Amino acid sequence: PYSEFKDYKIANGETIPTLDQYLEQGLKYPETMLVYELKPHSCEEAENRLTDLTISKLKEYDLLNPDRVMFISFSYHICRRMAELLPEFTVQYLGGNKSPKKLKEDGINGIDYHYGIFALKPEWAKEARKLEMSTNAWTVNKAGRMRKVIGQGIMYMTTDTPLDARRVLKEEGIREIR
């Protein structure tokens, strides 16, 4: 329950927002793509309730729009279910243990792996591009790694150092930052 962590402060002193607070904030910035992570649960029944609640909340806030929201999860079940229920949305699997071909076969249109997975399996970035899948690498915090991710043609990167990322993107001649 939220009451158990409502007073917890993250490193910058902020409290953890509720889903309603997150969605209210998202409404204020219509040009921003919301990345909505669904955490794995103890069983598929609980994950089904989570996906149903997610869709219901997004409808409530008039944010059930593939141009506004994309989904990520470490749960393969959640990714498959979201892809089935909302095929027009970007759904990226985070687990790092499935090939792009397998994801695509199961209706999942995005791959979102730690940069180390793409370093070990560079063919996956190429395969995902060939299959017209969305790609993201996380957690890319050093300039050299950022350049490698860019060189692999990965579409997005998650970083804890966004100012460094902006500098590297500018140096690489990449103008669009989403």
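Let me begin by describing the structure that accompanies this report. (Residues numbered from 1 in each chain as written. Predicted model: local features only at pLDDT ≥ 70, side-chain atom pairs only at ≥ 80, totals over all residues. Heavy atoms only, no water.)

1. Re the overall build of the chain
Moving on, step 1. Check the secondary structure of the chain and you find eight helices and six strands.
Moving on, step 2. For 178 residues, the compact-globule estimate of 2.2 N^0.38 gives 16 Å, and the C-alpha radius of gyration of the chain, at 17 Å, lies within 12% of that figure.
Moving on, step 3. Based on the C-alpha atoms only, the size of the chain along its principal axes is roughly 45 × 40 × 30 Å.
Moving on, step 4. Each of the 178 residues in the chain was classed as buried or not, and the buried ones make up 35%.
Moving on, step 5. Relative to all contacts within the chain whose residues are 6 or more apart in sequence, the contacts with residues 24 or more apart total 45%.
Moving on, step 6. Counting only carbon and sulfur atoms, one obtains 51% of the accessible surface of the chain, whose full area is about 10,800 Å². (Helix = DSSP H or I, 4+ residues; strand = E, 2+ residues; numbered from the N terminus. Rg over C-alpha atoms; globule rule 2.2 N^0.38 Å. Buried < 20%, exposed > 50% of the residue type's maximum accessible area, 1.4 Å probe, protein only. Contact = heavy atoms within 4.5 Å. Areas by Shrake-Rupley, 256 points an atom, 1.4 Å probe, with all protein chains shown as cover.)

2. A look at the sheet that holds strand S2 (residues 69-73)
Moving on, step 1. Spatially, the six strands line up as an open sheet ordered S1-S2-S3-S4-S5-S6, and their pairing is parallel. With one partner strand each, in any of the chains shown, strand S1 (34-37) and strand S6 (156-157) form the two edges of the open sheet.
Moving on, step 2. Here three bridges tie S2 to strand S3 (residues 91-93), and the two strands are oriented parallel to one another. Following the sheet pairing, Phe-71 is matched in S3 by Val-91. (Pairing = 2+ DSSP bridges.)

3. Quick look at the side chain of Arg-81
Moving on, step 1. Tracing the backbone through its elements, the reader meets Arg-81 in helix H3 (residues 76-85).
Moving on, step 2. Engagement of the side chain of Arg-81 in a polar contact is seen with the backbone oxygen of Asn-48, the distance being 3.1 Å.
Moving on, step 3. Setting aside anything within four residues of it in sequence, one finds Arg-81 in contact with Asn-48, Thr-51 and Asp-52. (Polar contact = N/O pair within 3.5 Å; in protein donor to acceptor, adjacent residues only side chain to side chain.)

4. A few points about the pairing of strand S4 (residues 110-114)
Moving on, step 1. Among the five residues of S4, four are classified as buried, and the element is accordingly described as predominantly covered.
Moving on, step 2. The pairing of S3 with S4 spans two bridges and is parallel. Residue Gln-92 lies in a different strand from S4, and its bridge partner there is Gly-110.
Moving on, step 3. Since S3 and S4 lie parallel, the crossover through helix H4 (residues 100-105) that links them has a hand, and here it is right-handed.
Moving on, step 4. With five bridges joining them, S4 and strand S5 (residues 134-138) adopt parallel strand pairing. Note that in S5 the partner of Gly-110 across the bridge is Ser-134. (Right-handed = clockwise from strand over helix to strand, strands pointing away.)

5. Notes on the packing of helix H2 (residues 44-60) against H3
Moving on, step 1. Where H2 contacts H3, the two axes come as close as 10 Å, and the packing angle between them is 40 degrees. Compared by their axis directions, H2 and H3 come out oblique. Every pair of crossing elements has a handedness; the one defined by H2 and H3 is right-handed. Residues Glu-44, Glu-47, Asn-48, Leu-50, Thr-51, Asp-52, Thr-54 and Ile-55 of H2 pack against His-77, Ile-78, Arg-80, Arg-81, Met-82 and Leu-85 of H3. (Axes fitted to C-alpha atoms, helices over the stretch in contact; angles between N-to-C directions. Parallel < 35°, antiparallel > 145°, perpendicular 65-115°, else oblique. Left-handed = near helix turned anticlockwise from the far one by under 90°.)

6. Here's the deal with unusual backbone geometry
Moving on, step 1. Positive phi, normally seen in glycine, also occurs at Asp-62, with a value near 55 degrees.
Moving on, step 2. Along the polypeptide, Asp-62 turns up in the loop between H2 and S2.
Moving on, step 3. Within the chain, Glu-132 stands out as a residue other than glycine whose phi angle is a positive 55 degrees.
Moving on, step 4. Tracing the backbone through its elements, the reader meets Glu-132 in the loop between helix H6 (122-130) and S5.
Moving on, step 5. Given a relative accessible area of 71%, Glu-132 falls into the exposed group.

7. A look at the nonpolar core
Soluble globular proteins tend to bury their nonpolar side chains together.
Moving on, step 1. Ranked by size, the top nonpolar core spans 39 residues in total, and within it Val-69, Phe-71, Leu-103 and Ile-108 carry the most contacts.
Moving on, step 2. The residues contacting Phe-71, other than those within four sequence positions of it, are Tyr-36, Leu-38, Thr-54, Leu-58, Met-82, Leu-86, Phe-89, Thr-90, Val-91 and Gln-92. (Core = buried A, V, L, I, M, F, W, Y, C linked by side-chain atoms within 4.5 Å.)

8. Examining a nonpolar patch on the surface
Moving on, step 1. A cluster of nonpolar side chains, namely Tyr-2, Phe-5, Tyr-8 and Ile-10, defines an oily patch on the protein surface of about 360 Å² accessible area.
Moving on, step 2. If you trace the backbone, Phe-5 turns up in the segment before helix H1 (19-27). (Patch = residues over 30% accessible without salt bridge, like charges linked within 9 Å, V, L, I, M, F, W, Y side chains within 5 Å. Salt bridge = Lys/Arg side-chain N within 4 Å of Asp/Glu carboxyl O.)

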